[in-house]
Every structure is written in structure tokens, then in C-alpha cells.
Amino acid sequence: MVKPAKEQALAARLLAESATLTLPEERQRALLALRDYLLSKKAASQIAQLVFICTHNSRRSQFAQAMTQLLSAYCNLNWIQSYSGGTEVTAFHPTAVAALRGLGFAMEKISEGENPRYRVAAGDLVAEFFSKKFDDPPNPKAQFAAVMVCSSADAGCPFVPGADVRIRLPFEDPKDADGTPQAEEVYRTRALEIGRTLAWLFRQL
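Bear in mind that the values here come from a model prediction, so they are computed numbers and not experimental data. As a convention, each chain's residues are numbered from 1 in the sequence order in which they are written. Since the coordinates come from a predicted model, pLDDT governs what is reported: local features require at least 70, and pairs of side-chain atoms require 80 or more to be given and counted, while whole-chain, interface and lining totals use all residues. Side-chain numbers here rest on the full set of heavy atoms in the structure, without hydrogens or water.

(A) Quick peek at the packing of aromatic side chains. Each Phe, Tyr or Trp ring (for Trp, its six-membered ring) is paired with any other whose centre lies within 6.5 Å, and the angle between the two planes then decides the class: stacked below 30 degrees, edge-to-face above 60, tilted in between. All told, the structure shown has two aromatic pairs when counted by the stated rule. On the numbers, 6.3 Å between centres and 25 degrees between planes, the contact of Phe 92 with Phe 129 is stacked. In this pair, Phe 92 sits in the loop between strand 2 (80–86) and helix 4 (94–103) while Phe 129 sits in strand 5 (residues 125–129), placing the two residues 37 residues apart along the sequence. Only protein chains enter the calculation, and the probe is 1.4 Å; a residue is then buried if its accessible area is under 20% of its type maximum, exposed if over 50%, and partly exposed in between. Judged by its relative accessible area of 2%, Phe 92 is buried. Chaining the aromatic ring pairs together yields one cluster made of Phe 92, Tyr 118 and Phe 129. Ring-over charges, as used throughout, are those where CZ of Arg or NZ of Lys falls within 6 Å of the ring centre and within 35 degrees of the ring normal. Positioned over the ring face of Phe 171 is Arg 27, at 4.4 Å from the centre of the ring. Between Lys 132 and the ring centre of Phe 130, over which it is positioned, the NZ or CZ distance is 4.7 Å. The way it works is that DSSP assigns letters per residue, a run of H or I at least four long becomes a helix, a run of E at least two long becomes a strand, and they are numbered from the N terminus.

(B) Geometry of the pattern of salt bridges. Think of a salt bridge as a Lys or Arg side-chain nitrogen and an Asp or Glu carboxyl oxygen that are within 4 Å of each other. Counted according to the given criterion, the structure contains 12 salt bridges. As a salt-bridge pair, Arg 117 and Glu 128 come within 3.1 Å of each other at their nearest N and O atoms. With Arg 117 in the loop between strand 3 (108–109) and strand 4 (118–122) and Glu 128 in strand 5, this residue pair connects regions lying 11 residues apart in the sequence. A residue is classified by how much of its surface remains accessible, and Arg 117, at 34% relative accessible area, is partly exposed.

(C) Main features of the nonpolar core. Nonpolar core, defined: a set of buried Ala, Val, Leu, Ile, Met, Phe, Trp, Tyr and Cys residues in which side-chain atoms within 4.5 Å join the residues together. Ranked by size, the top nonpolar core spans 61 residues in total, and within it Met 67 and Phe 105 carry the most contacts. In terms of residue count, the dominant contributor to this core is helix 6 (residues 183–203) (nine residues).

(D) Representation of helix 3 (residues 60–74) in the model. Residue count minus one, scaled by 1.5 Å, sets the expected span of a helix. Compared with an ideal rise of 1.5 Å per residue, which puts 15 residues at 21 Å, helix 3 spans 21 Å between its outermost C-alpha atoms and is within 8% of the ideal. Of all 15 residues in helix 3, 14 are buried, a share of seventy percent or more. Where helix 3 ends, the next residue or the one after it, Asn 76, has phi of about 55 degrees, a positive value.

Written as C-alpha cells, this is what we have:
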């Protein structure tokens, strides 16, 4: 389980930093479209399901799922549920796992193998994190927002079956730093960037 003190400190930090975040107009439009989707679900007393999609479901989409789960729990918005998936199956990259752990997520490894699974809990929200296609279980098959967090998945998956809306919100790939002395810091920086961006969204709710 995520350690409550570190969980709360990270969520509070992201929300505070997002208050002074300057975002490009295109990114603001994407986030406001996502806000409108979330609020429409709330108005209809429905669960809002977000599926973050990148090519391998190994880095950015996992960061986005974890940060959304964290912020949903911290803000008591448990009607928001986050998922992630890819267009291919690989594995949750170990440097991405280490980055989240370093930021305060307690990630319990619950299976081994080429595509290990991790249990992550934030408040009452609990999920298993592992690489999967965007339409693989436990991801929803319908009535969700597809959030494209990488350019290659955005281009390669122009239509997401079952999605209510499809929103483009790309981030740079930390994979480019793999094998360098800067890798850990680049992954941490990207995770925080994604967290702050999503915290900006949560401030609009």
C-alpha cells in the first residue's frame, strides 16, 4: 500500500505546484475538455473512467494512472477511476517503478516474470499495475475517456473502440534517457511533470 504520509505530501505538493503552472493553450484545451467530461459524469451520478494510453504501457501511461489514482484519493473524488494500456504489451519499466517508489508510492510486487504485476493503493483506491493493451482486462470496454499520452499511440490509434471521448495529452518519453547516468532523474522529472499537469486538471473540478 502507498504510505499515507508520503502519499499526502506528494499530492499536496503537486496541487500546490500546479497553481502556478503555465501550460500551452493547446494543452489547456485538452485538459479542459477532460474536465468537462469528468463533470458530465459527475452530474449524471456516474463513475468517470480514464484510460491513459501509450505504445508500450510501460512508462508515461503508468505514471498517469498512478498520479490520477493518487489525486483522486487525496481530493476525495473516488468517482474518478484511472486505468492504463498500450497498443502493445511489454512490461512496467523498472526505472518507472523506481521513480514512483522514490516519490512515495509503496508498490507491492505481487507476481514475477517478464511482465510483473504491482499492487498500488491510495486511500480506498486499489489497482494492479502491469503492461497490457488498452482493451485488456481490467480496463473498461465502454464509457471511458481515452487519453493519449504519447504521439506514436496517438498517431497509430486514431480511433479507440468504446471510448466516449479521445483526448490528446502527449508527454516526452523518458525512454530516451535509458542507459545514461541521468535516467533516474529524467524518469522522476517526467513523473512529476505528468503529476503536476493532472493536478492542474483536478484544481478545475
